[in-house]
Amino acid sequence: MAAQSISGSFGAGEAASRLAAVQERIAKAAEEAGRPAGGITLVAVSKTFGASKIEQVIAAGQRVFGENRVQEAARKWPVLRKPYPSLELHLVGPLQSNKAKDAVALFDVIHSLDRDKIAGALAKEMAAQGRRPRLLVQINTGAEPQKAGVLPEQADDFVKRCSEAHGLEIDGLMCIPPIDEPPAPHFALLAKIAGRLDLPELSMGMSADYEIAIGHGATMVRVGSAIFGERET
Ligand SMILES: *Cc1c(COP(=O)(O)O)cnc(C)c1O
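What comes next concerns the included structure. These figures come from a predicted structure and were not determined experimentally. (Residues numbered from 1 in each chain as written. Predicted model: local features only at pLDDT ≥ 70, side-chain atom pairs only at ≥ 80, totals over all residues. Heavy atoms only, no water.)

The next point concerns helix H5 (residues 116–129). Taking 1.5 Å per residue as the helical rise, H5 with its 14 residues ought to reach 20 Å, and the 20 Å between its terminal C-alpha atoms agrees with that figure. Those residues of H5 that sit buried are Ile 118, Ala 119, Ala 121, Leu 122, Ala 123, Glu 125 and Met 126. Turning to H5, the residues buried within the fold contact helix H4 (100–106), strand E4 (109–113), strand E5 (134–138) and helix H6 (155–166). Residue Gly 130 follows H5 closely and has a positive phi angle near 65°. (Helix = DSSP H or I, 4+ residues; strand = E, 2+ residues; numbered from the N terminus. Expected span 1.5 Å × (residues − 1). Buried < 20%, exposed > 50% of the residue type's maximum accessible area, 1.4 Å probe, protein only. Contact = heavy atoms within 4.5 Å.)

Structural data, given as structure tokens:
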């Protein structure tokens, strides 16, 4: 049954070979785009996966991971990351202002800043904790009502306000294209907004479309199932 491949651990060497396959495809997509592969950070999205599977991916050499929930990350990562001082943890999912304290304590990069209230909460916690996670603003490129993110036409004002009202430096933008549309126009739109705001980082592309994202300038690709296998829902 298919369910067997969803269980807690890989077969021997499977983590390393899946990771190597993704790295190779990133290198090839970078080459085709005329970009250095070193300019693209692979964020291995480990949400829903347990410690044993994650440890195998760490053992295969991966040092940058992403989670989409603050509480899940708080349960899993403090112990997991302890032996690896260089390990980076990214928050790729939504952030509520009442989780700002935990988020600032746990994460090195936050991809999902999208509201003034959260900007204020993050600024306060960053000052209190003396930690400065790098920040990306999530843009709702498809203007989907149910989706998080700042609307494209409000991106400039929001980024400016983060800096002027909250003293937050924004490193880049993130998007999740609508699932039922070709992603390329969304990646192009995100790149265009980042270009006019002079923001260097572009977090875009997941398992199904990271090569397309690299073709449009992605500097961070967020890849889960291509590395870890299918998630149980
Ligand atoms: C789960 C998730 C990913 C990874 O998705 P895959 O399709 O498994 O690669 C990337 N970005 C965000 C925001 C996610 O929640």
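With that settled, the discussion passes to the site of the ligand. Close to the ligand lie Val 45, Lys 47, Asn 68, Val 92, Ile 176, Met 206, Ser 207, Arg 222, Val 223, Gly 224, Ser 225 and Arg 231, which account for all nearby residues. Here an oxygen atom of the ligand and a backbone polar atom of Ser 225 are 2.8 Å apart. Between Arg 231 and the ligand, the recorded distance is 2.8 Å, taken from a side-chain N or O atom to an oxygen atom. About the coverage of the ligand: the protein hides 90% of its 390 Å² of free accessible area. In this structure, the ligand is accommodated by the largest pocket. Here the residues of the shell around the ligand are counted per class, giving five nonpolar, four polar and three charged. (Near = heavy atom within 4 Å. Polar contact = N/O pair within 3.5 Å; in protein donor to acceptor, adjacent residues only side chain to side chain. Areas by Shrake-Rupley, 256 points an atom, 1.4 Å probe, with all protein chains shown as cover. 1 Å grid on protein atoms, 1.4 Å probe; cavity = no way out; pocket = protein on both sides within 12 Å on 5 of 7 lines; lining within 4 Å. Sits in = over half its atoms within 2 Å of the grid points. Nonpolar A, V, L, I, M, F, W, Y, C, P; charged D, E, K, R; others polar.)

Attention now moves to the pairing of strand E1 (residues 41–45). Here E1 lies mainly inside the structure; four of its five residues are buried. In this sheet, strand E8 (residues 220–223) lies alongside E1 in parallel orientation, the contact comprising four bridges. Each residue of the ladder has a partner; that of Ala 44, found in E8, is Val 223. Bridge count between E1 and strand E2 (residues 64–67): two bridges; the pairing is parallel. In the strand pairing of E2, Val 45 is matched with Gly 66. Crossover handedness for the path E1 to helix H2 (residues 51–59) to E2: right-handed. (Pairing = 2+ DSSP bridges. Right-handed = clockwise from strand over helix to strand, strands pointing away.)

Let's shift gears to helix H7 (residues 184–197). In a regular helix each residue adds 1.5 Å, so 14 residues correspond to 20 Å; H7 covers 20 Å between its end C-alpha atoms and thus fits that length. Here the buried face of H7 lies against H6, strand E6 (172–174), strand E7 (201–203) and helix H8 (210–215). Looking one or two residues past H7, Asp 198 carries a phi angle of roughly 60°, positive in sign.

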